[in-house]
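# Notes for the structure review
Here are the chains, one letter per residue:
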Amino acid sequence: TDPISNPLATLLEIAYSDAVVHVPIERAYRLSRYRAGDAAVKPRLSRVKGEAWAKAKRKVEANTVQMAEDVLALYATRETLNRSPFDPSAEGMVKVFAKSFPFE
């Protein structure tokens, strides 16, 4: 258990060559053993506290922020669009169109 942040939590302690990572038991399902098999391209390993790891983390954070901005822009655009409401008299055409498909 981690007596400082949560005295009631049970943690797994994973020791790397340059760092120790604590994973709560409730999140242990996220862990898996890496199996490269016969992969042609082996992944690059980096230190947990190294510059390569920090760079990768910054890149992921930046991409996540960009994706969030894109989604917000999309929804803002959708909010500003004006279109006429569905015309109930066109419902017959919709039914004919739907019946033209070979599946239900």
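For the structure itself, look to the data block above.
Below you will find a few notes about this structure. Because the structure is a prediction, the values reported are computed rather than measured. (Residues numbered from 1 in each chain as written. Predicted model: local features only at pLDDT ≥ 70, side-chain atom pairs only at ≥ 80, totals over all residues. Heavy atoms only, no water.)

### Observations concerning the overall build of the protein
Let me state the cut-off plainly: Each helix is a run of H or I in the DSSP string that is no shorter than four residues. Each strand is a run of E no shorter than two, and both are numbered from the N terminus. Accessibility here uses a 1.4 Å probe with only protein chains present; expressed as a share of the type maximum, an area under 20% marks a residue as buried, one over 50% as exposed, and anything in between as partly exposed. Two residues form a contact once any of their heavy atoms are found within 4.5 Å. Computed by Shrake-Rupley with a 1.4 Å probe, the accessible areas treat only the displayed protein chains as cover when residues are assessed.
A count of helical and extended segments in the protein gives two helices and two strands. Burial status across the protein gives 5% buried among its 104 residues. Of all intrachain contacts in the protein linking residues separated by at least 6 positions in sequence, the fraction that spans at least 24 positions is 17%. In the form shown here, the protein has an accessible surface area of approximately 10200 Å², with 60% of it arising from carbon and sulfur atoms.

### Describing the pattern of salt bridges
What counts here: Each salt bridge in this description consists of a side-chain nitrogen of Lys or Arg and a carboxyl oxygen of Asp or Glu lying within 4 Å of one another.
One pass over the structure, following the stated rule, counts two salt bridges. Residue Arg58 is joined to Glu51 by a salt bridge in which the shortest nitrogen-to-oxygen separation is 2.9 Å. Residue Lys95 is joined to Glu91 by a salt bridge in which the shortest nitrogen-to-oxygen separation is 3.9 Å. Taken together, the positions of Lys95 and Glu91, both in helix α2 (residues 91-99) and four residues apart, correspond to about one turn of that helix.

### Some thoughts on the pairing of strand β1 (residues 11-15)
Going by this rule: Strands qualify as paired when DSSP identifies two bridges or more between them.
Across five bridges, β1 lies against strand β2 (residues 20-24) in antiparallel orientation. By the bridge assignment, Ile14 is partnered in β2 with Val21. Counting the residues in the hairpin turn of β1 and β2 gives four residues.

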